Amino acid sequence: LGFELSSVSPNPWNAQTEIQFELPSDGLVTFKVRDYTGKNVFSSVDQYLEGHNSIRIQRSDLGAAGVYAYEVIFGEIVLSGKMIVID
């Protein structure tokens, strides 16, 4: 089992979404979301356990509708994707 993203569901989304990921071992995970201009609009750092995990994002965390890029960082590995917030 490695570090991998499972899903972003729902996507596109309006009120909240959940980013699911797998970890090969316990550790710190940094999560960052940037808007289309590259501005960091949300970030968190938390301890997670080996196996299946998820991060829930609320609309109030981000603000305006649009396309956002996210990164999930574990150790030296950065996994990224896009999500769409709709009105």
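Described below are features of the structure shown in this document. (Residues numbered from 1 in each chain as written. Predicted model: local features only at pLDDT ≥ 70, side-chain atom pairs only at ≥ 80, totals over all residues. Heavy atoms only, no water.)

1. A closer look at the overall build of the chain
Next up, step 1: Along the chain, the regular secondary structure elements total one helix and seven strands.
Next up, step 2: On C-alpha atoms alone, the chain measures out to a radius of gyration of 13 Å, which is about the 12 Å that the 2.2 N^0.38 rule sets for 87 residues.
Next up, step 3: Its C-alpha atoms give the chain principal-axis dimensions of roughly 35 × 25 × 15 Å.
Next up, step 4: Split into buried and exposed, the 87 residues of the chain put 36% on the buried side.
Next up, step 5: Approximately 4,900 Å² of the chain is accessible, and the part contributed by carbon and sulfur atoms is 49%.
Next up, step 6: Taking the average location of the 6 positive side-chain charges in the chain and that of its 11 negative ones, the two points are 11 Å from each other. (Helix = DSSP H or I, 4+ residues; strand = E, 2+ residues; numbered from the N terminus. Rg over C-alpha atoms; globule rule 2.2 N^0.38 Å. Buried < 20%, exposed > 50% of the residue type's maximum accessible area, 1.4 Å probe, protein only. Areas by Shrake-Rupley, 256 points an atom, 1.4 Å probe, with all protein chains shown as cover. Lys, Arg positive; Asp, Glu negative; His and termini not counted. Charge placed at Lys NZ, Arg CZ, Asp CG, Glu CD.)

2. Concerning the sheet that holds strand E5 (residues 51–58)
Next up, step 1: Within the open sheet, the three strands sit side by side as E1-E2-E5. Their pairing is antiparallel. What marks the edges here is a single partner per strand, and that holds for strand E1 (4–9) and E5. Strand-to-strand, the axes of this sheet are offset by a mean angle of 20°, without reference to chain direction.
Next up, step 2: Two elements, E1 and strand E2 (residues 16–23), share five bridges in a ladder whose sense is antiparallel. When the bridges of E2 are listed, Leu-5 appears paired with Phe-21. (Pairing = 2+ DSSP bridges. Axes fitted to C-alpha atoms, helices over the stretch in contact; angles between N-to-C directions.)

3. A closer look at the environment of Ala-64
Next up, step 1: In this fold, Ala-64 is placed in the loop between helix H1 (59–62) and strand E6 (66–74).
Next up, step 2: Sequence separation between Ala-64 and Ser-54 is 10 residues, and the spatial gap between their C-alpha atoms is 23 Å.
Next up, step 3: What Ala-64 contacts, discounting residues up to four positions off in sequence, is Arg-59 and Val-85. (Contact = heavy atoms within 4.5 Å.)

4. Quick word on the packing of aromatic side chains
For any pair of aromatic rings, the description consists of the separation of the ring centres together with the inter-plane angle of the planes.
Next up, step 1: Overall, the coordinates contain four aromatic pairs when judged by the stated rule.
Next up, step 2: Centroid distance Phe-31 to Phe-42: 6.0 Å. Interplanar angle 70°. Geometry classified as edge-to-face. A residue pair is termed long-range when its members are at least 10 positions apart, and Phe-31 in strand E3 (residues 27–34) and Phe-42 in strand E4 (residues 40–48) qualify at 11 residues.
Next up, step 3: Where Phe-31 meets Tyr-70, the ring centres are 6.3 Å apart and the plane angle is 35°; that geometry is what we call tilted. Taken together, the residues Phe-31 in strand E3 and Tyr-70 in strand E6 connect sequence positions 39 residues apart. Judged on exposure class, the residue Phe-31 and its partner Tyr-70 are both buried.
Next up, step 4: Within the aromatic cluster, the residues linked to one another by ring pairs are Phe-31, Phe-42 and Tyr-70. (Phe/Tyr/Trp six-rings, centres within 6.5 Å; stacked < 30°, edge-to-face > 60°.)

Taken by themselves, the reported measurements are silent on function.
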